[in-house]
Amino acid sequence: EEEERYYHPETAEYLLKSIEDEFDLIISDTGCSLDNGLAYGGLRMAAQRFLVLNQMESTIRRVEERGSRYREAGIQFNQIILNQFQEKDPYSVDYLSERLDFPKDRFLLVHQADYSRQAEMEYRTLMEYRDELYREDIRKLANVLLGFMGEEGLSPERKGLWKNFI
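Let me sum up the structure you'll find in this document. (Residues numbered from 1 in each chain as written. Predicted model: local features only at pLDDT ≥ 70, side-chain atom pairs only at ≥ 80, totals over all residues. Heavy atoms only, no water.)

1. Notes on the overall build of the chain
- Within the chain, the regular secondary structure consists of 6 helices and 3 strands.
- Moving toward the C terminus, one meets the helices and strands of the chain in the order α-α-β-α-β-α-β-α-α.
- Overall size of the chain, expressed as C-alpha extent along the three principal axes, is 65 × 45 × 35 Å.
- Counting the 166 residues in the chain, one finds 31% classified as buried.
- Counted over contacts in the chain with a minimum sequence separation of 6, partners at least 24 positions apart contribute 66%.
- Element-wise, carbon and sulfur atoms account for 49% of the exposed surface of the chain, whose accessible area totals about 12400 Å². (Helix = DSSP H or I, 4+ residues; strand = E, 2+ residues; numbered from the N terminus. Buried < 20%, exposed > 50% of the residue type's maximum accessible area, 1.4 Å probe, protein only. Contact = heavy atoms within 4.5 Å. Areas by Shrake-Rupley, 256 points an atom, 1.4 Å probe, with all protein chains shown as cover.)

This is the structure we're talking about:
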């Protein structure tokens with residue numbers, strides 16, 4: 001059954017404009033369907049656009065299929081966040097960069113966390129498991145966002161220098 005769309009792009013634009021002076025940063029998780037008025041309006045309003053992907057063929061194919069629609073709508077992505085990234089996957093950054101015709105240096109990687117399934121089952125965030133690689137990827141992503149805001153980035157976390165001796 002076809003989902004009925006009740007919102008228009010102007011709805012998202014109105015909402016985002018009405019709150020933009022209240023926040024330093026607004027992250028609008030719009031989805032990628034341009035036939036959804038809220039998604040399209042949110043994408044049109046964004047100063048910076050991040051496309052979140054994983055290394056699955058179905059995801060990559062969907063991006064390729066929608067590429068012409070993005071171009072026709074004047075929507076260009078500044079960065080691609082490659083979520084649940086696995087180094088040994090054949091869909092490497094080099095491969096995806098070439099296939100999607102997107103510069104390699106504008107991919108941000110968020111590695112697959114060791115405890116992702118457990119976190120989901122326990123309704124916990126991945127940060128609670130203190131996976132160092134995941135935490136570092138999130139810090140890098142935060143620094144990109146801070147850079148767009150003209151703010152100084154976060155320093156790498158330092159291991160505790162002081163040992164508890166009691």
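2. Some points on a nonpolar patch on the surface
- On the surface, Tyr 6, Tyr 7 and Leu 38 cluster together to form a nonpolar patch covering roughly 360 Å² of accessible area.
- For Tyr 6, the position within the fold is in the segment before helix H1 (9–19).
- Note on Tyr 6: relative accessible area 61%, which makes it exposed. (Patch = residues over 30% accessible without salt bridge, like charges linked within 9 Å, V, L, I, M, F, W, Y side chains within 5 Å. Salt bridge = Lys/Arg side-chain N within 4 Å of Asp/Glu carboxyl O.)

3. Details of the packing of helix H3 (residues 57–72) against helix H4 (residues 93–100)
- Packing of H3 against H4 brings their axes to within 11 Å, and their N-to-C directions diverge by 25 degrees. The orientation of H3 relative to H4 falls into the category roughly parallel. Considering how the two elements wind past one another, H3 and H4 form a crossing that is right-handed. Contacts between H3 and H4 involve Glu 57, Ile 60, Arg 61, Val 63 and Glu 64 from the first element and Leu 96, Arg 99 and Leu 100 from the second.
- Each residue belonging to the contact of H3 with H4 can be placed in one class, and the counts come to 4 nonpolar, no polar and 4 charged. (Axes fitted to C-alpha atoms, helices over the stretch in contact; angles between N-to-C directions. Parallel < 35°, antiparallel > 145°, perpendicular 65-115°, else oblique. Left-handed = near helix turned anticlockwise from the far one by under 90°. Nonpolar A, V, L, I, M, F, W, Y, C, P; charged D, E, K, R; others polar.)

4. Examining H4
- Here H4 has its buried residues at Val 93, Leu 96, Ser 97 and Leu 100. Down the axis of H4, the buried set is contained in an arc of 100 degrees. They therefore lie on one face.
- Residues of H4 that are buried sit in contact with strand S1 (50–53), H3, strand S2 (79–85) and strand S3 (107–111).
- Just downstream of H4 lies Asp 101, where phi reads positive at about 55 degrees. (Arc of directions from axis to C-beta.)

5. Concerning the packing of H1 against helix H2 (residues 37–45)
- Two elements in contact, H1 and H2, have axes separated by 6 Å at closest approach and are oriented at 50 degrees. Compared by their axis directions, H1 and H2 come out oblique. Once H1 is placed against H2, the crossing between them reads as right-handed. Counting all contacts with H1, which are made through Pro 9, Glu 10, Thr 11, Ala 12, Glu 13, Leu 16 and Lys 17, the residues of H2 involved are Gly 37, Leu 38, Tyr 40, Gly 41, Gly 42, Arg 44 and Met 45.
- Taken together, the residues of the contact of H1 with H2 sort by class into 6 nonpolar, 4 polar and 4 charged.

6. Some details on unusual backbone geometry
- Within the chain, Asp 101 stands out as a residue other than glycine whose phi angle is a positive 55 degrees.
- Positive phi, normally seen in glycine, also occurs at Arg 130, with a value near 55 degrees.
- One can find Arg 130 in the loop between helix H5 (116–122) and helix H6 (132–148).
- For Arg 130, a relative accessible area of 51% translates into the label exposed.

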